[in-house]
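# Geometric and topological summary
Listed below, chain by chain, are the residues.
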Amino acid sequence: MTQSKRRFFIALVPPLEFQDYANEIKEYFAQTYNSRAAQKSPPHITLQPPFEWQLDELPLLKQSLKTFAQPRTAVPITLQGFGAFAPRVIYINVLKTPELLTLQNELMTYFEASLGIIEPVSKTRPFSPHMTVAFRDLTKQNFRAAWTEFQHRALEFEFTAAELTLLIHDGRRWNVSASFPFLVNN
């Protein structure tokens, strides 16, 4: 018997060239700092945190995402340096541009109004866009060592996010379920 509910989240996924680079960093954290949890998902910027959804209602979820994405324009994304949520998380920093903040806010509002999906934690703290490279299984001691190494490391990358990505959890890791292009050209 299959599970009737699965966990999903919605993100912006960078181009493959940057995914490869971010995955190399994740592998470095796995090898050097014994932190492998970040390898359980493709590199991404979370817009809608994980939520549970009935599998038999997946067509409704996908149609809602398509409806949301279609009238929107692609979003310029700038990745710059590294950041941390002490004492466990190190990430690639994503600049908080007005376009990105607007997209995330509109998506959360839309999901709450159209599907009743509410993320209580995000109601209490501001959106902090980031691309995680180490978390959860990064010990406090390894966090301190890694943060010393990464806090001043240079990283500059720009891309245009042209679609939303729906990810699904298979019980072990997150996988891309579907993508929904923004159809309006800038």
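As shown above, the structure is provided for reference.
For every chain, the first residue of the written sequence is number 1, and numbering continues from 1 onward in sequence order. Reporting of local features is limited, given that this is a predicted model, to residues whose pLDDT is at least 70; pairs of side-chain atoms are given and counted only at 80 or more, and all residues count toward the totals for whole chains, interfaces and linings. The side-chain figures draw on all heavy atoms in the structure; neither hydrogens nor water molecules are used.

### Looking at the side chain of Ser35
Under the DSSP-based scheme used, a helix requires at least four consecutive residues in state H or I and a strand at least two consecutive residues in state E, with every element numbered from the N terminus. The topology assignment puts Ser35 in the loop between α1 (16–33) and β2 (45–54). The rule is simple: take the accessible area with a 1.4 Å probe, protein chains only, and divide by the maximum for that residue type; under 20% is buried, over 50% is exposed, in between is partly exposed. According to the relative accessible area criterion, Ser35 is buried, its value standing at 1%. Only 2.7 Å separates the side chain of Ser35 from the side chain of Asp137, close enough to count as a polar contact. Not counting chain neighbours up to four residues away, the residues in contact with Ser35 comprise Lys26, Phe29, Ala30, Ala134, Phe135, Asp137 and Leu138. Definition of a polar contact: a pair of N or O atoms within 3.5 Å, with one able to donate and the other able to accept a hydrogen when the atoms are protein atoms, and with sequence-neighbouring residues admitted only if both atoms are side-chain atoms. In what follows, residue pairs with any heavy atoms lying within 4.5 Å of each other are defined as contacts.

### Some remarks on the packing of aromatic side chains
Centre distance within 6.5 Å is the pairing criterion for rings of Phe, Tyr and Trp, where only the six-membered ring of Trp is used; planes under 30 degrees apart are then read as stacked, over 60 as edge-to-face, and the remainder as tilted. Scanning the entire structure with this criterion turns up 15 aromatic pairs. Ring geometry for Tyr28 and Phe29: centres 6.4 Å apart, planes at 85°, overall edge-to-face. Residue Tyr28 is classed as partly exposed on the basis of its relative accessible area, which comes to 33%. On the numbers, 5.2 Å between centres and 45° between planes, the contact of Phe68 with Tyr110 is tilted. One end of the pair, Phe68, is in helix α2 (residues 58–69); the other, Tyr110, is in helix α3 (residues 98–115), and 42 residues separate them in sequence. For Phe68, a relative accessible area of 2% translates into the label buried. By way of ring pairs, the aromatic residues Phe8, Phe51, Phe68, Tyr110 and Phe111 are connected into one cluster.

### Structural notes on the nonpolar core
Put simply, a nonpolar core is a bunch of buried Ala, Val, Leu, Ile, Met, Phe, Trp, Tyr and Cys residues held in one set by side-chain atoms that sit within 4.5 Å of each other. Among the nonpolar cores identified, the biggest contains 48 residues, and Leu12, Leu61, Ile77, Leu79, Ile92 and Leu164 are the most heavily contacted of them. Not counting the four nearest positions on each side in its chain, Ile77 is found in contact with Leu12, Ile45, Val94, Leu100, Phe157, Glu158, Phe159 and Ala161.

### Topic: the environment of His169
With respect to the helices and strands, the residue His169 is situated in strand β7 (residues 163–169). Between the C-alpha atom of His169 and that of Ser41, which follows or precedes it by 128 residues, the distance is 9.0 Å. Other than its neighbours up to four places away in sequence, His169 contacts Arg6, Arg7 and Trp174.

### Remarks on the pattern of salt bridges
Every case where a carboxyl oxygen of Asp or Glu lies within 4 Å of a side-chain nitrogen of Lys or Arg is listed as a salt bridge. By the definition in use, this model includes 2 salt bridges. Of the charged contacts, one joins Arg72 and Glu106 as a salt bridge, the two residues approaching to 3.2 Å between their closest N and O atoms. Of this pair, Arg72 sits in the loop between α2 and β3 (75–85) while Glu106 sits in helix α3; the two residues are 34 residues apart in sequence, bridging distant segments of the chain. Glu106 sits in the partly exposed class, given a relative accessible area of 34%. Where Arg153 meets Glu149, a salt bridge forms, and the shortest distance between an N and an O atom there is 3.1 Å.

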